[in-house]
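# Report on the structure
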Amino acid sequence: MANLIDGKAVSAAVKAQVKAECEALKSEGVTVGLAVVIVGDNPASRVYVNNKKKACAEVGFESYEYALPEETTQQELLELVNRLNGDSKVNGILVQLPLPRHIDENAVINAISPVKDVDAFHPRNVGHIMIGDYSFLPCTPAGVMELIASTGVEVEGKNCVVIGRSNIVGKPMAMLLLHKNGTVTITHSRTKNLKEICAVADILVAAVGKAGFVTEDMIKPGAVVIDVGMNRNAEGKLCGDVDFEGCKEKAGYITPVPGGVGPMTIAMLMRNTLTAAKLQRK
Ligand code: GUN
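Our subject in this report is the structure included herewith. This structure is a prediction, so every number in the text was calculated from the model and none was measured. Within every chain, residues take consecutive numbers counted from 1 along the sequence as written. Note on the predicted model: pLDDT of at least 70 is required for a residue's local features to be given, and 80 or more for side-chain atom pairs to be given and counted; whole-chain, interface and lining totals, by contrast, use all residues. In computing side-chain values, all of the structure's heavy atoms are included and hydrogens and water are not.

## Some points on the environment of Val 225
Only DSSP runs of H or I reaching four residues or more are called helices, and only runs of E reaching two or more are called strands; each is numbered from the N terminus. By the element assignment, Val 225 lies in strand β8 (residues 224–227). Three exposure classes are used, based on accessible area relative to the maximum for each residue type with a 1.4 Å probe and protein chains only: buried under 20%, partly exposed in between, and exposed over 50%. A relative accessible area of 1% means that Val 225 is categorised as buried. In sequence terms Val 225 and Lys 248 are 23 residues apart; their C-alpha atoms lie 9.2 Å from each other. By the convention used here, residues are in contact when the closest approach between their heavy atoms is within 4.5 Å. Aside from chain neighbours lying at most four places away, what touches Val 225 is Leu 204, Ile 219, Val 242, Ala 251, Tyr 253, Ile 254 and Thr 255.

## Regarding the pairing of strand β5 (residues 159–163)
Within β5, four of the five residues are buried, which leaves it mostly tucked inside the rest of the structure. Two strands are said to pair when DSSP picks up at least two bridges between them. As judged from the five bridges shared by β5 and strand β6 (residues 183–187), these two strands associate in the parallel manner. Bridge pairing in β6 links Val 162 to Ile 186. Think of it like this: strands point away, you trace from the first strand over the helix to the second, and a clockwise trace means the crossover is right-handed. Of the crossover connections in this fold, the one passing from β5 over helix α7 (residues 170–179) to the parallel β6 is right-handed.

## A short note on the packing of helix α2 (residues 43–59) against helix α10 (residues 261–281)
Here the axes come from fitting lines to C-alpha atoms, over the contacting stretch only for helices, and the angles between their N-to-C directions go from 0 to 180 degrees. Running from N to C, α2 and α10 point in directions that differ by 55°, and their axes come no closer than 10 Å. With respect to their mutual orientation, α2 and α10 come out oblique. Taken as a pair, α2 and α10 cross one another with a handedness that is right-handed. Of the residues in α10, those in contact with Asn 51, Lys 52, Ala 55, Cys 56 and Val 59 of α2 are Ile 266, Leu 269 and Met 270. Any angle from 65 to 115 degrees is called roughly perpendicular, while one under 35 is roughly parallel, one over 145 is roughly antiparallel, and all others are oblique. Note on convention: the crossing is left-handed when the near helix lies turned anticlockwise from the far helix by less than a right angle, right-handed when the turn is clockwise.

## Concerning the packing of helix α1 (residues 7–27) against helix α6 (residues 139–151)
Two numbers describe how α1 lies on α6: the axes approach to 10 Å, and their chain directions differ by 110°. Taken together, α1 and α6 sit at an angle that is classed as roughly perpendicular. Seen from α1, the contacting residues are Gly 7, Val 10 and Val 14; seen from α6, they are Glu 146, Leu 147 and Ser 150. Split into classes, the residues belonging to the contact of α1 with α6 amount to three nonpolar, two polar and one charged. Each residue gets one label: Ala, Val, Leu, Ile, Met, Phe, Trp, Tyr, Cys and Pro are nonpolar, Asp, Glu, Lys and Arg are charged, and the others, such as Gly, are polar.

## Digging into the environment of Val 59
Here Val 59 is to be found in helix α2. Sequence-wise, Val 59 and Ala 20 are 39 residues apart; in three dimensions their C-alpha atoms are separated by 8.0 Å.

## Things to note about the pattern of salt bridges
The term salt bridge refers to a pairing of a side-chain nitrogen on Lys or Arg with a carboxyl oxygen on Asp or Glu at a separation within 4 Å. Taken as a whole, this structure holds eleven salt bridges when the rule is applied. With its nearest N and O atoms 3.6 Å apart, the salt bridge here joins Lys 195 to Asp 217. Of this pair, Lys 195 sits in helix α8 (residues 194–198) while Asp 217 sits in the loop between β7 (203–206) and β8, and the two are 22 residues apart along the sequence. Here Lys 220 and Asp 202 are joined by a salt bridge, their closest N and O atoms 2.6 Å apart. Placement of the pair is Lys 220 in the loop between β7 and β8 and Asp 202 in the loop between α8 and β7, with a sequence separation of 18 residues. Via salt bridges that share partners, Arg 46, Lys 53 and Glu 65 belong to a single interconnected network.

## Some points on the environment of Tyr 253
Examined against the element boundaries, Tyr 253 turns out to sit in strand β11 (residues 253–254). Residue classification places Tyr 253 among the partly exposed residues on the basis of a relative accessible area of 24%. For the pair Tyr 253 and Met 173, spaced 80 residues apart in sequence, the C-alpha separation works out to 18 Å. Filtering out sequence-adjacent residues up to four positions away, Tyr 253 remains in contact with Ala 2, Asn 3, Ile 5, Thr 151, Val 153, Ala 223, Val 224 and Val 225.

All we've got here are geometric facts, nothing functional implied.
Shown next as structure tokens:
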């Protein structure tokens, strides 16, 4: 059996550190605030937003929820973002994605002040990540890096394969691994010989969005296998992109779903919000 990577324990340690720093700021009269905006009633988004608010309470942040109806216009949403940009109680702004189809996500992301962009989705922050000079970490990839670090396995010089090329996970994930001197391959739905590429990965990060996509024959014995997937199987049970039961004997380290990457994303969001508050003080 592979070593199980405990995302709950690693995320608890990150949040404990954020909480201690938040308390220190409070003693100097500074409170940290995160605005969380959700449009419509996507049930998965609702769960994520609730978890983010819960994490804020845990670490001592104020959270301000804006739950807008599905029919909200792009203009109304942009006006809200603009208001939050100018609100000094709000250090971080998170607009939960996906947005309803009639709203242009890029227009909304572009409207968020880069100094409050705790998701690191704004093109300016994406550019900073690309260069390797950044304050805000892309939350999910940064959480994955913490999980890899917790195994003690060095990234430098290793074959790192990322499955998925989304702006939220795949692309920034590849950058963070590259910054740690990994030899990085990004694969996607058009990749030929995916199995062969994955099978030489010392570190495999699956962010495909397909339940059980990564099977035992695709992994290298002893590999670090990180599962970013959050899917529902036929019975409605939460499951990842990796066939956990099939891979758990062959991998060296593996994340469970739930309890792996999910809690880390939120912990890194808390860290970014704290960073935002500190930057805005200056
Ligand atoms: N939807 C799925 N993941 C994320 C995330 O990390 N941030 C936001 N804002 N929306 C998401």
